[in-house]
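These are the residues of each chain, in order.
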Amino acid sequence: MTARDVGLPDRYPASGLPAQVTIWEVGPRDGLQNEPVTVPVQVKVEFLDRLAAAGLPVLEATSFVHPRWVPQLADADELFGLLSRHNGVRYPVLVPNERGLDRALAAGVTEIAIFASATESFAQRNLNRGFDAQFAMFTPVLRRAKAAGLGVRGYLSMCFGDPWEGAVAIEQVVSAARRLLELGCDQLSLGDTIGVATPGHVAAMLDAFGRADVSVDPLAVHFHDTYGQALANTLAALHAGVSCVDSSAGGLGGCPYAQSATGNLATEDLVWMLDGLGIEHGVNLDALVRTSAWMAAQLGKPSPSRVVTALGGCSRATNPPGQC
Ligand code: MG
């Protein structure tokens, strides 16, 4: 091993990629809601503080879903009261319905995310209503959120495959996405909820959006690393013009629909690739890795992130190899 800093990759910019990417950090919400251990609220507050200090611009903080469905995030109201909001950092929250919106407004949130399904089966299982009926549920939430001046993101789940239906038609995804954008979503995150996408599928999906005259500008991507494809899929999305990528610090969250430790794309793995490509993101990798190593200790299990594992919880910038 040479004496160079192994805590950062060498930079080799590639053509046809965005100069800057917004990392939408979902670890505190999507990550922790899928961990079996419920983390104390003070630990969540410190996690959010540390992520903000590491330079992450968007922290999806929690979910105002009924605690019966997501007991790990039952402290959403309390958490928002304790949160110290860093300057310039956005703290969106997940909101399932009007009751959730009421709680979010009472907590003083400025951005919400709603979650929709690209398939009938998942709409029935996750939302307890049909594919078409879900849009009727979102309509008053969006109307009231926009009237209150909130930013609204839409999540679209099962865009690349569904565990009950198998393949999902690209045209159906584009159609559902268009409906959500027409309802007023400012941004739409295309979710590979079971992690089965491959780069050609991602390229075909985004090409279909273009052919349907749906701009790539409001699109984000949410890949799961269940089959080791998340970074390859992310790169395919960046080549297609996407510049907002969801990821979870330390790869928190596992995969709720597969017996796999690897679920959400790890933010560290994303940052490593973006650094290597010379794409701006604003995140301090060393601070982020130390944060995820700390959170792994809170959860009592190692991070599935390759970069967190490779750096041993700290980079050579602060600790030489062997001393981490
Ligand atoms: Mg996820």
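Notes on the structure in this doc start here. All of these numbers come straight from a predicted model, not from anything done at the bench.

A word on the coordination of the magnesium ion
In step 1: Looking at the magnesium ion, the protein donor atoms are Asp30 (OD), His222 (NE2), His224 (NE2) and Asn264 (OD1), and they sit 2.0 to 2.2 Å from it.
In step 2: On the primary sequence, the residues serving as donors to the magnesium ion are separated as D-x191-H-x1-H-x39-N. Comparing His222 with His224 shows no difference in burial state: the two are buried.

Concerning the environment of Ser84
In step 1: Relative to the elements of secondary structure, Ser84 occurs in the loop between helix 3 (76–82) and strand 4 (93–94).
In step 2: Between the C-alpha atom of Ser84 and that of Glu46, which follows or precedes it by 38 residues, the distance is 9.4 Å.
In step 3: Once you skip the residues sitting within four places of it in the chain, Ser84 turns out to touch Asp49 and Tyr91.
In step 4: Engagement of the side chain of Ser84 in a polar contact is seen with the side chain of Asp49, the distance being 2.7 Å.

What to know about the packing of aromatic side chains
In step 1: Counted under the stated rule, the structure contains 6 aromatic pairs.
In step 2: Judged by centre distance (6.4 Å) and plane angle (55 degrees), the rings of Phe64 and Phe80 are tilted. One end of the pair, Phe64, is in the loop between strand 3 (62–63) and helix 3; the other, Phe80, is in helix 3, with 16 residues separating them in the sequence. In terms of burial, Phe64 and Phe80 fall into one category: buried.

Structural notes on the layout of surface pockets
In step 1: Considered as a void within the structure, the largest pocket measures approximately 960 Å³ in volume.
In step 2: Put simply, the parts of the chain that give the lining of the largest pocket at least two residues each are helix 1 (27–33), helix 4 (98–107), helix 5 (120–127) and strand 6 (151–157).

Thoughts on the pairing of strand 6
In step 1: In terms of burial, strand 6 is a largely internal element, 6 of the 7 residues being buried.
In step 2: Looking at chain direction, strand 5 (residues 111–117) and strand 6 are connected through 7 bridges and run parallel. Residue pairing in the sheet places Glu111 in a bridge with Gly151 of strand 6.
In step 3: Looking at chain direction, strand 6 and strand 7 (residues 187–191) are connected through 4 bridges and run parallel. Of the residues in strand 7, the one forming a bridge with Tyr155 is Ser189.
In step 4: With helix 7 (residues 170–183) bridging strand 6 and its parallel neighbour strand 7, the resulting β-α-β unit is right-handed.

Regarding unusual backbone geometry
Residues apart from glycine generally show negative phi values, whereas peptide bonds are mostly found in trans.
In step 1: With a phi close to 60 degrees, Asn128 is a non-glycine residue in the positive phi region.
In step 2: A relative accessible area of 65% means that Asn128 is categorised as exposed.
In step 3: Non-glycine residue Met158 carries a positive phi angle of around 60 degrees.
In step 4: Mapped onto the elements of the fold, Met158 is located in the loop between strand 6 and helix 7.
In step 5: The buried category is assigned to Met158, whose relative accessible area is 0%.

Notes on the environment of Ser247
In step 1: By the element assignment, Ser247 lies in strand 9 (residues 244–247).
In step 2: On the basis of relative accessibility, which here comes to 1%, the residue Ser247 falls in the buried class.
In step 3: Residues Ser247 and Ile23, 224 residues apart in the sequence, show an inter-C-alpha distance of 6.9 Å.
In step 4: There is a polar contact of 2.9 Å between the side chain of Ser247 and the side chain of Thr267.

Scoring rules and cut-offs
Residues numbered from 1 in each chain as written. Predicted model: local features only at pLDDT ≥ 70, side-chain atom pairs only at ≥ 80, totals over all residues. Heavy atoms only, no water. Donors = N, O, S within 2.8 Å, 3.2 Å for Na, K, Ca; no water. Buried < 20%, exposed > 50% of the residue type's maximum accessible area, 1.4 Å probe, protein only. Helix = DSSP H or I, 4+ residues; strand = E, 2+ residues; numbered from the N terminus. Contact = heavy atoms within 4.5 Å. Polar contact = N/O pair within 3.5 Å; in protein donor to acceptor, adjacent residues only side chain to side chain. Phe/Tyr/Trp six-rings, centres within 6.5 Å; stacked < 30°, edge-to-face > 60°. 1 Å grid on protein atoms, 1.4 Å probe; cavity = no way out; pocket = protein on both sides within 12 Å on 5 of 7 lines; lining within 4 Å. Points joined across faces, edges and corners; volume = space filled by probe spheres on them. Pairing = 2+ DSSP bridges. Right-handed = clockwise from strand over helix to strand, strands pointing away.

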